[in-house]
Amino acid sequence: LIDDVQNPLIKMSNCCSPIPGDKITGYIHDDKEIEIHLYECLKLSRNKKQPQSNKIPIDVAWKISKKIKRPHTINILVIDGTGILFQITKIIKAAGVAIINSETSARKNKEANIRIKLDSVNWPVFHKIVEKLRTLKFVKKIWEDPTQRI
């Protein structure tokens, strides 16, 4: 059970960026570090065809208190277009969460980065926001700032 995402032996994978509340799977490395992926991570499904000699699959689950509230910073990589920020902020507002700060920047290939700092919320509320954002057709990737994790 994972009760602390800042544990130095726990590594959240960058390919799928799991957050507490997601269905996950884990792999133990030779150095005893546990790598956490979304259960349906696309990178893992491609790698299942190749043997992973230095990774041992293990069952993992979250055990993070639902009562703890803290600020979260969401990073979103999107396909740039009109009305994107409005759709994102509408989801956050519907969850009853205040936005403390936001930054946007255009990238090459018609992409943009959006960084939004949220007021203090518990993990279930944060997870609900991220789940809804993941379904937006213009969202390519969502992750939380590692410095903001519990």
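This section reports on the structure supplied with the text.

Focus: the overall build of the chain
Phase 1: Scanning the chain for helices and strands turns up three helices and eight strands.
Phase 2: Shown N-terminal to C-terminal, the secondary structure of the chain runs as helices and strands in the order β-β-β-α-β-β-α-β-β-α-β.
Phase 3: Computed over the C-alpha atoms, the radius of gyration of the chain is 16 Å, within 12% of the 15 Å expected from 2.2 N^0.38 for a compact globule of 150 residues.
Phase 4: Taken along the three principal axes of its C-alpha coordinates, the chain extends 45 × 40 × 20 Å.
Phase 5: Counting all 150 residues of the chain, 39% fall into the buried class.
Phase 6: Within the chain, counting contacts between residues at least 6 apart in sequence, those at least 24 apart form 70% of the total.

What to know about the packing of helix α2 (residues 84–94) against helix α3 (residues 123–134)
A pair of packed helices can be characterised by two numbers: the angle between their axes and the separation between those axes.
Phase 1: At their nearest, the axes of α2 and α3 sit 10 Å apart, and the two run at 150° to each other. Taken together, the axis directions place α2 and α3 in an arrangement best described as roughly antiparallel. Here α2 runs over α3; the crossing is right-handed. Side by side, α2 and α3 meet where Ile88, Ile91 and Ile92 of the first sit next to Ile129, Lys132 and Leu133 of the second.
Phase 2: For the contact of α2 with α3, the class distribution of residues is five nonpolar, no polar and one charged.

Topic: the sheet that holds strand β2 (residues 24–29)
Phase 1: Read from one edge of the open sheet, four strands run β1-β3-β2-β4, paired in mixed fashion. Unpaired on one side and paired on the other, β1 (10–12) and β4 (55–58) mark the two borders of the sheet. When the angles between neighbouring strand axes are averaged without regard to direction, this sheet yields 30°.

Thoughts on α3
Phase 1: With twelve residues, α3 extends 16 Å from end C-alpha to end C-alpha; this agrees with the ideal 16 Å at 1.5 Å per step.
Phase 2: Its side-chain oxygen 3.0 Å from the backbone nitrogen of valine 125, asparagine 122 forms the N-cap of α3.

Overview of α2
Phase 1: Those residues of α2 that fall on the buried side of the exposure criterion are Ile84, Ile88, Ile91 and Ile92. Buried residues in α2, looked at end-on, bunch into an arc of 100°, giving them a common side. Exposed side chains of α2 directed beyond 90 degrees from the buried face belong to Phe86, Lys90, Lys93 and Ala94.
Phase 2: Elements that come into contact with the buried residues of α2 comprise β5 (69–79), β6 (99–106), β7 (111–122) and α3.
Phase 3: Just beyond α2, the residue with positive phi is glycine 96, at close to 75°.

Some points on the pairing of strand β3 (residues 34–38)
Phase 1: The buried fraction of β3 is high, at four of five residues.
Phase 2: Pairing of β1 with β3 involves three bridges; the strand directions are parallel. Bridge assignment links isoleucine 10 to a residue of β3, and that residue is isoleucine 34.
Phase 3: As paired strands, β2 and β3 are joined by five bridges and run antiparallel to one another.

Analysis parameters
- Residues numbered from 1 in each chain as written.
- Predicted model: local features only at pLDDT ≥ 70, side-chain atom pairs only at ≥ 80, totals over all residues.
- Heavy atoms only, no water.
- Helix = DSSP H or I, 4+ residues; strand = E, 2+ residues; numbered from the N terminus.
- Rg over C-alpha atoms; globule rule 2.2 N^0.38 Å.
- Buried < 20%, exposed > 50% of the residue type's maximum accessible area, 1.4 Å probe, protein only.
- Contact = heavy atoms within 4.5 Å.
- Axes fitted to C-alpha atoms, helices over the stretch in contact; angles between N-to-C directions.
- Parallel < 35°, antiparallel > 145°, perpendicular 65-115°, else oblique.
- Left-handed = near helix turned anticlockwise from the far one by under 90°.
- Nonpolar A, V, L, I, M, F, W, Y, C, P; charged D, E, K, R; others polar.
- Pairing = 2+ DSSP bridges.
- Expected span 1.5 Å × (residues − 1).
- Polar contact = N/O pair within 3.5 Å; in protein donor to acceptor, adjacent residues only side chain to side chain.
- Arc of directions from axis to C-beta.

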